[in-house]
Amino acid sequence: MTTDLFAADCKFTPFWWDRVPRPVADGNPLPERVDVAVIGSGYTGLHAALQTARAGRSTLVVDAEDAGWGCSSRNGGQISTSIKPGFDVLARRHGDERARAILLEGQRSLAWVGEFVGAERIDCDFRVVGRFHAAHNAREFAGLARRVAEQPKGLEVATQVVPRAEQRAELDTDAYWGGVVYLRHASIDPARYHQGLLERAVAAGARVVGRCPVTSIENDGGGHLLRTARGAVRARDVVVATNGYTGRLTPWLQRRVIPIGSYMIATEPLPEAQLARLMPRDRIVSDTRRVVFYYRASPDRRRILFGGRVSTGETDPRLSGPLLHAEMVQLFPELAAVRISHSWCGFVAYTFDELMHIGRHDGVHYAMGYCGSGVGMASYLGMRLGLQVVGRKEGATALDGLAFQTRPLYSGNPWFLAPSVRYYQWRDRQGS
Ligand SMILES: Cc1cc2nc3c(=O)[nH]c(=O)nc-3n(C[C@H](O)[C@H](O)[C@H](O)COP(=O)(O)OP(=O)(O)OC[C@H]3O[C@@H](n4cnc5c(N)ncnc54)[C@H](O)[C@@H]3O)c2cc1C
């Protein structure tokens, strides 16, 4: 392994934590009883808590680690419409009307995050920069351009097709075959956003307690008894917002989400002029490979933040860092000697139908399964879930009531992940 790719003071924690360290844990005793207990303090949990607290419900949010320790302070800060399956796939499964409603929900989630941070005045480098979705071969480019030209009526999104000859206006590389810009997609500093949200939830009256894993949930007549590492709490309503960190606490949910590691690096600061040349439009970027890479400039436009999956099984950021660096250098050979300042990872949650799910099981509310695209959707569904908990009809979503599938013999350990990733990496290399 090429360890000299790491800066001498390289950190194996998220780049974002330098500016927004994890909050100090609340060490006070837990309340005996609350109206709403939320498990997980990422975007899903805090948005749900913000709604329940603002509706006057006493609300407690607990996290096994520090507040926001999960994906919500580790991600790439790219915001899209989040729904992976296209109209045809969804229409085959759920009918035209439901398919349309689900895709519109995705579009609403993207717009809503911008409205939310604006209305709440959360200073978090939110910018509508557009996404350059790059084609890794000529066939993918043709497919992208065709899909843009044939967008279903009523579901059109603002796009711009970029042929290979014009690609350098987007990105200083010849590694792609052109692409499409999704003009409404946005970037954000995920940890500053999380911090602003945390402050709004606390100001609304929610209590957020870190380092307090919940170890069991029992149905307790009219409510629930939660046992935690720091004592028991009774709650009328419980929200599970554990996404890629869903574990044995909720076996029914654990059987329905597939935890997958996503890995990122940050480079050391680059000269401003170099970054302005490499990424002149400040877009967020992703590509059409099945094992996708995603990247962007840091909000101060001095570093590249580069993410993806570089190993078949889960690995250590000390090993993934150089592999991600090598992928970055394939695109931008001039970065070969640039060193890594941060290397980190987190667990996202995939689902068997590639959709996120919101609902209630055994009296416990949940929203999860964002399939690696949850900055907008976890925020939006968390908000809707909070409204559902307080009985508001505005909590309804197009995803309500969708069957949350599992598979025989799957209990939460994705034994099939390594062979699947190996197969998809092979197909990406074949250009198919
Ligand atoms: C490296 C990386 C890059 C990503 N990039 C993007 C991106 O650019 N764009 C995008 O849209 N999405 C991205 N994502 C995904 C996105 O960050 C997530 O979908 C989103 O943050 C999920 O939020 P959440 O609140 O549901 O879960 P999380 O933020 O993961 O929070 C779940 C919390 O539950 C807690 N928990 C688990 N079990 C218990 C328990 N028993 N008791 C108490 N607490 C518990 C965990 O400690 C954790 O803090 C990325 C993810 C990663 C890891």
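Quantities reported herein were computed from a predicted structural model and do not represent experimental measurements. (Residues numbered from 1 in each chain as written. Predicted model: local features only at pLDDT ≥ 70, side-chain atom pairs only at ≥ 80, totals over all residues. Heavy atoms only, no water.)

### Digging into the site of the ligand
Part 1 of the argument: Among the 36 residues in the neighbourhood of the ligand, the closest are listed as Thr44, Asp63, Ala64, Ser72 and Gln78.
Part 2 of the argument: Interatomic distance of 3.2 Å between a backbone N/O atom of Gly70 and an oxygen atom of the ligand.
Part 3 of the argument: Considered on its own, the ligand offers 1000 Å² of accessible surface; in the complex 96% of this is hidden by protein.
Part 4 of the argument: When residues of the shell around the ligand are traced back to their parent elements, those giving at least two are α2 (43-54), β13 (258-267), β17 (340-350) and α10 (375-389).
Part 5 of the argument: The residue makeup of the shell around the ligand, split by class, is 17 nonpolar, 16 polar and 3 charged. (Near = heavy atom within 4 Å. Polar contact = N/O pair within 3.5 Å; in protein donor to acceptor, adjacent residues only side chain to side chain. Areas by Shrake-Rupley, 256 points an atom, 1.4 Å probe, with all protein chains shown as cover. Helix = DSSP H or I, 4+ residues; strand = E, 2+ residues; numbered from the N terminus. Nonpolar A, V, L, I, M, F, W, Y, C, P; charged D, E, K, R; others polar.)

### Here we look at the pairing of strand β14 (residues 284-287)
Part 1 of the argument: Of the two faces of β14, the one lined by Ile284 and Ser286 and the one lined by Val285 and Asp287 are each fully buried.
Part 2 of the argument: In this structure, strand β5 (residues 131-134) lies alongside β14, joined through 4 bridges in parallel fashion. Across the sheet, residue His133 finds its bridge partner in β14, namely Ser286.
Part 3 of the argument: In this structure, β14 lies alongside strand β15 (residues 293-297), joined through 2 bridges in antiparallel fashion. Paired with Val285 across the two strands is Tyr295, which belongs to β15. (Buried < 20%, exposed > 50% of the residue type's maximum accessible area, 1.4 Å probe, protein only. Pairing = 2+ DSSP bridges.)

### As for the pattern of salt bridges
Any two side chains of opposite charge can pair if their charged atoms end up close together.
Part 1 of the argument: Evaluation of the coordinates by the stated rule reveals 28 salt bridges.
Part 2 of the argument: Across the pair Glu120 and Arg54 runs a salt bridge, and its minimum N-O distance is 2.9 Å. With Glu120 in the loop between α4 (96-119) and β5 and Arg54 in helix α2, the pair connects residues that are 66 residues apart, well separated along the chain.
Part 3 of the argument: Its relative accessible area of 19% is what places Glu120 among the buried residues.
Part 4 of the argument: By relative accessible area, Arg54 is classed as partly exposed at 46%.
Part 5 of the argument: In this structure, Arg200 engages Glu199 in a salt bridge whose closest nitrogen and oxygen atoms are separated by 3.8 Å. (Salt bridge = Lys/Arg side-chain N within 4 Å of Asp/Glu carboxyl O.)

### Quick notes on the nonpolar core
Part 1 of the argument: Counting 53 residues, the largest nonpolar core has Ile83, Ile102, Phe116, Ile188, Tyr193, Val239 and Leu381 as its most contacted members.
Part 2 of the argument: Listing elements by their share of this core, those giving two or more residues are β2 (33-39), α2, α3 (87-94), α4, α6 (190-203) and α10.
Part 3 of the argument: Element by element, the count of residues in this core is highest for α10, at 9 residues.
Part 4 of the argument: Leaving out residues up to four positions away in the same chain, Val239 has contacts with Val36, Ala37, Val38, Ile39, Ala48, His365, Leu385 and Val389.
Part 5 of the argument: Among the nonpolar cores identified, the runner-up in size contains 30 residues, and Phe6, Leu171, Val181 and Val285 belong to it. (Core = buried A, V, L, I, M, F, W, Y, C linked by side-chain atoms within 4.5 Å. Contact = heavy atoms within 4.5 Å.)

### Re the packing of aromatic side chains
Part 1 of the argument: Counting across every chain of the model gives 14 aromatic pairs.
Part 2 of the argument: Arranged with centres 6.2 Å apart and planes meeting at 85°, the rings of Tyr295 and Phe332 form a pair that is edge-to-face. Highlighted residues: Tyr295 in strand β15 and Phe332 in the loop between α9 (317-331) and β17, separated in sequence by 37 residues. Each member of the pair, Tyr295 as well as Phe332, is classed as buried.
Part 3 of the argument: For the pair Phe352 and Tyr410, a centre-to-centre distance of 5.4 Å together with 80° between the ring planes defines the contact as edge-to-face. Within this pair, whereas Phe352 is found in the loop between β17 and β18 (357-361), its partner Tyr410 is found in the loop between α10 and α11 (417-430), the two being separated by 58 residues in sequence.
Part 4 of the argument: Through a chain of ring-to-ring contacts, the aromatic side chains of Phe293, Tyr295, Phe306 and Phe332 assemble into a single cluster.
Part 5 of the argument: Note that Arg74 overlies the ring of Trp69, its terminal NZ or CZ placed 4.7 Å from the centroid.
Part 6 of the argument: Looking at Arg164, its charged tip hangs above the ring of Trp177, at a distance of 4.1 Å from the centre. (Phe/Tyr/Trp six-rings, centres within 6.5 Å; stacked < 30°, edge-to-face > 60°. Lys NZ or Arg CZ within 6 Å of the ring centre and 35° of its normal.)

Just distances and angles here, no functional claims.
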